[in-house]
Amino acid sequence: MGTNLAGPDGGAAADLVIEPMRRDEIAVLGQWAAAEGWNPGHNDIEIAWDIDPDAFIALRQGDRLIGGGTIISYAGLHGFMGLFIVHTDFRGGGLGTQLWHRRRDLLLKRLQPGASIGMDGVFAMVPFYERGGFTLAYRDLRYEGVAHGVADPEVVPLSDVPFAQLDSFDRRHVAAPRSAFLQRWVEQQGAHTAALTGPDGALIGYGVARPCVRGYKIGPLFADTEQVAERLLDTLCAHIAGEFVQVDVPEVNRSGVAMAQRRGLTESFGCARMYLGTDPGLPTDRIFGVTSFEFG
Ligand SMILES: CC(C)(COP(=O)(O)OP(=O)(O)OC[C@H]1O[C@@H](n2cnc3c(N)ncnc32)[C@H](O)[C@@H]1OP(=O)(O)O)[C@@H](O)C(=O)NCCC(=O)NCCS
């Protein structure tokens, strides 16, 4: 994979390469993400590395990491690009363009023919990603504020739910199976989880609040109805009452947006959900919180 790049002046730059990222470099990517204000979860990058170490791509000058990004493959059936960052000292000279195209092409090679790729990109760069073949599907809006709520006595932790049941519910809300990721995500240190089952015992919603650089993020929050989502959100917020909390809601889910607003959470940021290839047609009316902007 190690191929030399053109330098900022357009000429060949023999010391610039795109290669697999090393284990010892992933924390740097996390620090850069935090510096961008993206508020990554404490365990996000470790989990992604554990399930797919080949997803981490480095841009290096000599031995120095100067850029990077992830290209996760979910069972070869769906890809997701995230954490696209070039060190501030090296921006604006075309390196990001080369890194991004290389990552896209590498990810396509990791996927089965015809598999789609998703991403959540900053709004200002939508035209750039469109030129790279992606199409805007909808916007995901970040709502944030102070958590408060009353725990619902019928809501249980995910440890009470058989993993197979959770996994099959989760699959109805994502573009491709992600069992290994899901298991690590819901069991991560410091997370609070919430689940509701219907009268027949079937899962009708679940949510995860994970610790982040600042406070908590709630994601995923998947539920069959707005009422179920509300009960899960309130219970998770009761567990982290008084803490700063963020939840990323697909804008097209009007009841999800209204639910966040009713809790006094305010819009602070957002991303454009874009796809290369076929839009997987996620059930956005049942997605009240995106799992993460970095990993889908
Ligand atoms: C995005 C980023 C990786 C690009 O790296 P770079 O080396 O500066 O990239 P390039 O010089 O090749 O520029 C690539 C594109 O970046 C875009 N871009 C960079 N900064 C931008 C900004 N502040 N607003 C809008 N677009 C911007 C431009 O669209 C440019 O494309 P163009 O040349 O066709 O106009 C880098 O700016 C960065 O790390 N930004 C902070 C993190 C971030 O926002 N990442 C993207 C998340 S979706």
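What you see as residue numbers is a count from 1 along each chain, following the sequence as written. Per-residue local features are limited, in this predicted model, to residues with pLDDT of at least 70; the limit for side-chain atom pairs, both in listing and counting, is 80 or more; totals at the level of whole chains, interfaces and linings are taken over all residues. In computing side-chain properties, one takes all heavy atoms of the structure into account and sets aside hydrogens as well as water.

1. Describing the domain arrangement of the chain
Assigned domains within the chain: domain 1 (3-121) and domain 2 (140-289). On a C-alpha basis, the centres of domain 1 and domain 2 stand 27 Å from each other. By definition in these notes, contact holds between two residues if any of their heavy atoms fall within 4.5 Å. In this complex, domain 1 contributes 23 residues to the contact, which on the side of domain 2 involves 30 residues. Note on definitions: buried area is the accessible-area loss of two parts on being combined, 1.4 Å probe, summed for both. Between domain 1 and domain 2 the total buried area reaches about 2,200 Å² when both faces are included, carbon and sulfur atoms providing 56% of it. It is N39, I47 and D120 in domain 1 that bury the most area against domain 2; as a group they hold 26% of the surface buried on that side. Any Lys or Arg side-chain nitrogen found within 4 Å of a carboxyl oxygen on Asp or Glu counts as a salt bridge. Linking domain 1 with domain 2 are three salt bridges. We note a salt bridge from D44 to R210, for which the minimum N-O separation is 2.8 Å. Pairs of N or O atoms within 3.5 Å make up the polar contacts considered here, provided that, within protein, one atom can donate a hydrogen while the other can accept it, and that residues adjacent in sequence are counted only when both atoms are side-chain atoms. If you look at where domain 1 meets domain 2, you find 17 residue pairs in polar contact (both at pLDDT 80 or more). By definition, any uninterrupted DSSP run of H or I lasting at least four residues is a helix, any uninterrupted run of E lasting at least two residues is a strand, and each is numbered from the N terminus. Secondary-structure elements contributing two or more residues to the side of domain 1 that touches domain 2 are helix 2 (44-51), strand 5 (78-86), helix 3 (95-110) and strand 6 (116-121). Either an automatic procedure or a domain database provided the assignment from which the domain bounds are taken.

2. Focus on the pattern of salt bridges
By the definition in use, this model includes 23 salt bridges. Salt-bridge contacts for E46 lead to R23; the nearest nitrogen and oxygen are separated by 2.6 Å. On the criterion of sequence distance, the pair formed by E46 in helix 2 and R23 in the loop between strand 2 (12-20) and helix 1 (26-35) is long-range, its members being 23 residues apart. Classification of E46 as partly exposed rests on a relative accessible area of 34%. Classification of residues uses two cut-offs on accessible area relative to the type maximum, computed with a 1.4 Å probe and protein chains only: under 20% is buried, over 50% is exposed, and between them is partly exposed. The exposure class assigned to R23 is partly exposed, which follows from its relative accessible area of 40%. Residues joined by salt bridges that share partners form a network here, namely E19, R22, D24, E25, R60 and D63.

3. Some words on the side chain of T291
Relative to the helices and strands, T291 resides in the segment after strand 13 (287-289). Among the polar contacts listed, one links the side chain of T291 to the side chain of R178, at a separation of 3.1 Å.

4. A word on the side chain of R263
Structurally, R263 can be placed in the loop between helix 8 (254-262) and strand 12 (266-276). Within polar-contact distance, the side chain of R263 engages the side chain of D234 at 2.8 Å. The contacts of R263, once residues within four sequence positions are left out, are H148, E230, L233 and D234.

5. Considerations on the site of the ligand
Within the structure, the ligand sits among 20 residues, and F84, V86, G92, T97 and R131 are positioned closest to it. The separation between an oxygen atom of the ligand and a polar main-chain atom of V86 is 2.9 Å. A distance of 2.5 Å is found between an oxygen atom of the ligand and a side-chain nitrogen or oxygen belonging to T97. Only the protein chains shown count as covering a residue, and every accessible area follows the Shrake-Rupley method with a 1.4 Å probe. In isolation the ligand exposes 890 Å². Once the protein is present, 68% of that is buried. Counting residues per element, the ones that place at least two in the shell around the ligand are strand 5, helix 3 and helix 4 (126-131). Here, proximity means that at least one heavy atom of the residue falls within 4 Å of the molecule or strand.

6. Here we look at the packing of helix 2 against helix 6 (residues 179-187)
Fitting a line to C-alpha atoms yields each axis, with helices limited to the stretch in contact; the angle taken between N-to-C directions then spans 0 to 180 degrees. Interaxial distance between helix 2 and helix 6 falls to 10 Å at its minimum, and their mutual angle equals 150 degrees. Between helix 2 and helix 6, the angle falls in the class roughly antiparallel. The handedness of the crossing between helix 2 and helix 6 is right-handed. Facing helix 2, whose interface residues are D44, I47, D50 and I51, helix 6 presents A180, F181, R184 and W185. Residues are grouped as follows: Ala, Val, Leu, Ile, Met, Phe, Trp, Tyr, Cys and Pro are nonpolar; Asp, Glu, Lys and Arg are charged; every other residue, Gly included, is polar. Taken together, the residues of the contact of helix 2 with helix 6 break down into five nonpolar, no polar and three charged. Angular relationships are summarised with four words: roughly parallel below 35 degrees, roughly antiparallel beyond 145, roughly perpendicular across 65 to 115, and oblique for the angles in between. Throughout, a crossing is termed right-handed when the near helix is turned clockwise from the far one, and left-handed when it is turned anticlockwise from it by less than a right angle.

7. A short note on the pairing of strand 12
Sheet faces and side chains relate simply in a regular strand, where the side chains alternate between the two faces. When DSSP finds at least two bridges between two strands, those strands are taken to pair. Examined bridge by bridge, strand 6 and strand 12 share five bridges and lie antiparallel to one another. Counted as the bridge partner of G121 is A272 from strand 12. Here strand 7 (residues 135-146) pairs with strand 12 via nine bridges, running antiparallel. Its bridge partner lying in strand 12, D140 is registered against C271.

8. Re the packing of aromatic side chains
Centres within 6.5 Å are what make two rings of Phe, Tyr or Trp a pair, Trp counting through its six-membered ring; a difference in plane orientation under 30 degrees is then read as stacked, over 60 as edge-to-face, and the rest as tilted. Within the structure shown, the criterion is met by eleven aromatic pairs. For the ring pair F181 and F295, a centre distance of 6.5 Å and an interplane angle of 65 degrees mean the geometry is edge-to-face. Here F181, found in helix 6, pairs with F295, found in the segment after strand 13; they are 114 residues apart in sequence, far enough to count as distant. Accessibility expressed as a relative area gives 2% for F181, which makes it buried. Both rings, one in Y206 and one in F222, keep their centres 5.8 Å apart while their planes meet at 85 degrees; by these two values the pair is edge-to-face. Separated by 16 residues along the polypeptide, Y206 in strand 9 (residues 203-211) and F222 in strand 10 (residues 216-223) bring together distant segments of the chain. Each of the two residues, Y206 as well as F222, counts as buried.

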